[in-house]
Amino acid sequence: LEEWKETVQAGGVRLYDYIPEHAFIARLDAQSAAWIRSLPFVRWVGDYYPEYRMPAALSQADPADQTPLEVDMLALPDADLTALGAQVEALGGSVQSQSASEFSSYLRLSIPAGSGK
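Let me sum up the structure you'll find in this document. (Residues numbered from 1 in each chain as written. Predicted model: local features only at pLDDT ≥ 70, side-chain atom pairs only at ≥ 80, totals over all residues. Heavy atoms only, no water.)

Overview of the pattern of salt bridges
Oppositely charged side chains are able to pair whenever their charged atoms sit close together. Filter applied, for reference: We count a salt bridge whenever a side-chain nitrogen from Lys or Arg sits within 4 Å of a carboxyl oxygen from Asp or Glu. Runs of E in the DSSP output that reach at least two residues are strands. Runs of H or I that reach at least four are helices, and both are numbered from the N terminus. Summary of the burial criterion: residues with accessible area below 20% of their type's maximum are buried, those above 50% are exposed, and those between are partly exposed, where the area comes from a 1.4 Å probe applied to protein chains only.
On inspection of all chains with the given rule, the structure shows four salt bridges. As a salt-bridge pair, R14 and D78 come within 3.5 Å of each other at their nearest N and O atoms. Of this pair, R14 sits in strand β1 (residues 14-19) while D78 is found in the loop between β3 (68-75) and α4 (81-90), placing the two residues 64 residues apart along the sequence. The exposure class of D78 is partly exposed, given its relative accessible area of 37%. Here D78 ties to R27 by a salt bridge, and the two come within 3.5 Å at their closest N and O atoms. Here D78 is found in the loop between β3 and α4, whereas its partner R27 is found in strand β2 (residues 23-27), with 51 residues between them in sequence. In this structure R27 comes out as partly exposed when scored by relative accessible area, which is 44%. A single salt-bridge network, built from bridges that share partners, covers R14, R27 and D78.

The structure is reproduced here in structure tokens:
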């Protein structure tokens, strides 16, 4: 409900992407997490790991596989794209292009298939 979103945002929580059904990716600190857990309309608060959205081609590949894959990475709008690019390069990949808006950031990557492990 809109009023639920307004309640958590008024408490200093930044809501990002909606995840069906009835969930959001949010940025919050430990104090805010404790407060949100106490709200009657909240069922769960926890970490959202990158592996939850990793393409199967990366997560299931042989770690020795150096076949380049083209991957689109969606990041939060306030993500440090330079730091993300450096991490990709450390894995043997490269950033082909990137863009950012107030809603999200995107990177098009070429990365070895086995780097997802």
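From this point, the discussion proceeds with the structure in view.
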